[in-house]
Amino acid sequence: PTGAGRGWRGTVTTGEFSCELRVYIEDTDAGGIVYYVNYLKFMERARTEFMRSLGFDKEYIFNRDLMFVVRDVAVEYRLPARLDDELEATAGIRRLRGASMVFFQSVMRGAEILAQGEITVACVDRNGLKPRRLPPDVVGKLQGMHQQQ
C-alpha cells in the first residue's frame, strides 16, 4: 500500500471508493496507536480521491467558484490501528441534498472495521461561503454511484 497522501491509488466497486494506506509514526501517539483525529484525515483523503476519480478535482472546484466544506461529522471508533498497519479507507454516498452530500465512510484493517461514520459535506460559494446547490454534473455522477450501492 501507498503512504498517507503519497501516490494514492483507489478503486470503485459497487458504488464505494476505497484506497489503501499505511500507518506511519506521524499518525500515532506515544503508544504507537493511531491518534483519533487521524482517522478523519484518512477519511478526508478517501473523499478527496473519490471525488477526483469522478472528475471533480481542485481545478474543477476552483473554476466554478465553489468549495466543499465539512458541516457535520459523526464517527464511531471501534478498534485501534497501530504503527505500520496496512489500512483501507472507503467513501460512498449515503444521501444527496440540494446543497450537501452525506458520505458513509470507514477505515478498515482487512475485514475489521476500525472506525466508521457519516460525514456531511456542504457546497458553498467560494467568495461569500454561502450555501449553494450542488452542480448538476456532480449530482448526476454521485446519484449514479449511490444507485450502484
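A brief look at the structure comes next.

With respect to the overall build of the chain
Broken down by element type, the chain carries three helices and six strands. For the chain, the sequential pattern of α-helices and β-strands runs β-β-α-α-β-β-β-β-α. Per-residue burial for the chain yields a buried fraction of 40% across its 149 residues. Long-range pairs, those at least 24 residues apart, make up 64% of the contacts in the chain with a sequence separation of at least 6. A total accessible area of about 7900 Å² is found for the chain, and carbon and sulfur atoms account for 50% of it.

Quick notes on the packing of aromatic side chains
Remark: the centre distance and the inter-plane angle together describe each pair of aromatic rings, the angle taken between the planes. A complete count under the given rule lists seven aromatic pairs for this structure. Pairing Phe17 with Phe50 gives two aromatic rings, centres 5.9 Å apart and planes at 45°, and the pair type is tilted. Taken as a pair, Phe17 in strand S2 (residues 16-22) and Phe50 in helix H1 (residues 37-53) lie far apart in primary sequence, 33 residues in all. Given a relative accessible area of 3%, Phe17 falls into the buried group. Residue classification places Phe50 among the buried residues on the basis of a relative accessible area of 0%. Ring geometry for Tyr39 and Phe42: centres 6.3 Å apart, planes at 75°, overall edge-to-face.

Points about the pattern of salt bridges
Per the counting criterion, the structure on display carries nine salt bridges. A salt bridge links Arg22 to Glu86, with the nearest nitrogen and oxygen atoms 2.9 Å apart. With Arg22 in strand S2 and Glu86 in strand S4 (residues 86-96), the pair connects residues that are 64 residues apart, well separated along the chain. Looking at Arg22, the relative accessible area reads 18%, which means it is buried. On the accessibility criterion, Glu86 (43% relative accessible area) is partly exposed. For Asp85, the salt bridge goes to Arg109, with nearest N and O atoms at 2.7 Å.

Section: unusual backbone geometry
Of note in the backbone geometry, Asp65 takes a positive phi value of approximately 50° without being a glycine. Residue placement: Asp65 occurs in the loop between helix H2 (58-63) and strand S3 (66-77).

Focus on H1
Over its 17 residues, H1 extends 25 Å from the first C-alpha to the last, a length consistent with the 24 Å expected when each residue adds 1.5 Å. If you check which residues of H1 are buried, you get Asn38, Tyr39, Phe42, Met43, Ala46, Arg47, Glu49, Phe50 and Met51. Gly55 sits one or two positions beyond H1 and adopts a positive phi of about 100°.

Conventions and cut-offs
- Each chain carries its own residue numbering, running from 1 in the written order of its sequence.
- Note on the predicted model: pLDDT of at least 70 is required for a residue's local features to be given, and 80 or more for side-chain atom pairs to be given and counted; whole-chain, interface and lining totals, by contrast, use all residues.
- Heavy atoms throughout the structure, all of them, feed into the side-chain values; hydrogens and water do not.
- Put simply, DSSP marks the helices as runs of H or I at least four residues long and the strands as runs of E at least two long, and each gets a number from the N terminus on.
- Burial classes: relative accessible area under 20% of the type maximum marks a residue as buried, over 50% as exposed, and values in between as partly exposed (1.4 Å probe, protein chains only).
- Throughout, a contact is declared for two residues whenever any of their heavy atoms are within 4.5 Å.
- Surface accessibility in these figures is a Shrake-Rupley result with a 1.4 Å probe; residues are shielded only by whichever protein chains are displayed.
- Only Phe, Tyr and Trp rings take part, Trp by its six-membered ring, and two of them pair if their centres are within 6.5 Å. Stacked means planes under 30 degrees apart, edge-to-face means over 60, and tilted covers everything else.
- Take a side-chain nitrogen of Lys or Arg and a carboxyl oxygen of Asp or Glu: if they are within 4 Å of each other, that pair is a salt bridge.
- The length a helix should cover is 1.5 Å for every residue beyond the first.

Interpretation note: all reported values are geometric properties and have no functional meaning in isolation.
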